[in-house]
Amino acid sequence: MTDTDRTGTSTAGTSPAGTSPGGASAAVTGNDRPAPHPAPASAVTDLRRVGANPDYWYPVARSRSVRRGRVRATSFAGERIALFRGRSGTVHALEDRCAHRQVPLSMGVVEGETLRCCYHAWAYRGDGRISQIPYLAKGDRRPPRGVRGYPVREAYGLVFVFPGDPARAAGTPLPELPAFGSPRYLTLTYARTVRCHYSFMHENLLDMNHQFLHRGVVGRLHPQLLDHRTDARSVEARYLFTHTGGKRNRGASLLAAEGIGGGDSRDVMTIRTEYPYQTLDLVPENAERPAFRLWVAYVPEDAEQRRCHTYGLLMIEKPRIPAALHLARPLIRRFTERVFAEDRMAVEAEQRAWDEQGEDRNQEVFSLILDVREVLRSNGVPLGAGPRAAGCGLAGGCEGR
């Protein structure tokens, strides 16, 4: 993963040719203080004013929530989207407004592979073009071509849309999750709205120094940063976790493959922000594979991007007796939901502070978090330059506005 000498010092990853680095990687040894970061907070753009780059695949719904012959409303960064599944089983994604009177198409009716507006029955194909206006006469005014259609794909039990430039969709891969669907792992899916800028979520997962927040669930945990590296699009960190005492939730022990009794474990946790997604792998001491793997995406919902929908896939290694995991599943889910609730409490409090102060007054000292902020900042887009701007000029994209 990283080039590491005997002291545990990491060598920073290099930036790809032709790109600027996402941030300088600090060398960290054990409990040494991180090296000072070169960029003072006042010299850079406030990260909470940076929008998510729309030129990636983002999950906007669980596949099972988009039923055949039905339509569902969702959104990305203030752009309302109507998802519908046609008779063939294919999911389509359209801008959620009728080109006629702007009534949401998510209120409409699915007929075969078309979506018909509930108001005047204008019908739209899956690409957003109008296929029928029932009462259109020969002498009537020329109608608009339609509304914006989004590239859409299904994978991992989720519906992904590409809200940016559709010409880039085919060349942009979906995230790779080799553990999903593997007979070795069972996957739990999470989908929750969190009232904060997506960057707070990236920071929360990557900075494992906040374990005091979870002391009532996991007991006393000592996280030691072993090494980390940064390049133009990613930040990766490895921690050594030691359970040093206190009561540990039974679900936590089961999730970490330590059995009911738990114990003073030593686990290596690798967390990676690979823009715009995040992953976490936990490998118990002396284990060959991760006890669990987490993939997560934070999808902004509103135009100001102060609210995001979190989609998580938690892939848990199956024990030798598969039935044991199914018995443990309720305990694991209860544990993860409680941890998530505590994290949500913290990041939403951070967002409220930003709203009250009108700016980011964070006094961050951890070089790892300063690095991930630079990755998010340099790969993001200015707020207001999101999917609506990206769609203009496309077939049916901006006509009739």
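Everything numeric in this text was worked out from a predicted model, so none of it was measured.

1. Here's the deal with the nonpolar core
Counting residues in hydrophobic clusters, the biggest one holds 81 residues, and the most contacted among them are Leu83, Tyr239 and Trp295. Setting aside anything within four residues of it in sequence, one finds Leu83 in contact with Val60, Ala61, Val66, Arg70, Val71, Arg72, Thr74, His92, Ala93, Val159 and Val161. Core analysis: the next-biggest nonpolar cluster, separate from the first, contains 15 residues, Ala82, Phe84, Val110 and Ile133 among them.

2. A few points about the sheet that holds strand 4 (residues 79-85)
Within the open sheet, the four strands sit side by side as 3-4-5-10. Their pairing is antiparallel. At either end of the open sheet lies a strand with only one pairing partner, and these are strand 3 (71-76) and strand 10 (149-150). In terms of strand pairing, strand 5 (residues 91-95) meets strand 10 through two bridges, oriented antiparallel. Within strand 10, the position partnered with Ala93 by the bridge is Tyr150.

3. Quick notes on the sheet that holds strand 12 (residues 158-161)
Read from one edge to the other, the open sheet built from three strands follows the order 2-12-11, with strand pairing classed as antiparallel. The open sheet is flanked by strand 2 (58-62) and strand 11 (152-155), the only strands paired with a single partner. Pairwise comparison of adjacent strand axes, ignoring direction, gives a mean angle of 35° for this sheet. Relative to strand 12, strand 11 is paired through four bridges, and the arrangement is antiparallel. Of the residues in strand 12, the one forming a bridge with Glu154 is Val159.

4. Here's the deal with helix 5 (residues 367-379)
Here helix 5 contains 13 residues, and its C-alpha end-to-end distance of 18 Å stays within 8% of the 18 Å for a straight helix at 1.5 Å per residue. When helix 5 is considered as a whole, its buried residues turn out to be Ser367, Leu368, Ile369, Leu370, Asp371, Val372, Arg373, Val375, Leu376, Arg377 and Asn379.

5. Quick notes on the side chain of Glu348
Following the sequence through the fold, Glu348 ends up in helix 4 (residues 322-357). In this structure Glu348 is buried but unpaired, with Arg344 as the nearest side chain of opposite charge at 4.6 Å. Those residues in contact with Glu348 that lie beyond four places of it in its chain are Val194 and Arg195.

6. A short note on the environment of Asp281
Mapped onto the elements of the fold, Asp281 is located in strand 17 (residues 277-284). The class for Asp281 is buried, based on a relative accessible area of 19%. Sequence separation of Asp281 and Trp295 is 14 residues, and the distance between their C-alpha atoms is 9.0 Å. Polar contacts involving the side chain of Asp281 include one to the side chain of Arg293, which spans 2.9 Å.

Conventions adopted
Along each chain, numbering runs from 1 in the same order as the chain's sequence is written. Local features in a predicted model are, by the rule used here, given only for residues with pLDDT of at least 70; side-chain atom pairs are given and counted only at 80 or more, and totals for whole chains, interfaces and linings are based on all residues. In computing side-chain values, all of the structure's heavy atoms are included and hydrogens and water are not. What we call a nonpolar core is a set of buried Ala, Val, Leu, Ile, Met, Phe, Trp, Tyr and Cys residues that are connected through their side-chain atoms within 4.5 Å. Burial classification: accessible surface area is computed with a 1.4 Å probe over protein chains only, and a residue below 20% of its type maximum counts as buried, one above 50% as exposed, and the rest as partly exposed. Contact between two residues is taken to exist if any of their heavy atoms lie within 4.5 Å; hydrogens are not considered. Pairing between strands is defined by DSSP: at least two bridges between the two strands are required. Secondary structure counts use DSSP, requiring at least four H or I residues in a row for a helix and at least two E residues in a row for a strand, with both numbered from the N terminus. Angles shown run from 0 to 180 degrees and are taken between the N-to-C directions of axes, each axis being a line fitted to C-alpha atoms and, for helices, limited to the stretch in contact. Helix span, expected: 1.5 Å multiplied by one less than the number of residues in the helix. In this tally Asp and Glu are treated as negative and Lys and Arg as positive; neither His nor the chain ends contributes. Think of a salt bridge as a Lys or Arg side-chain nitrogen and an Asp or Glu carboxyl oxygen that are within 4 Å of each other. N or O atoms closer than or at 3.5 Å make up a polar contact, with two conditions inside protein: a donor-capable atom paired with an acceptor-capable one, and, for residues adjacent in sequence, both atoms drawn from side chains.

Treat this as a map of the structure, not an account of what it does.
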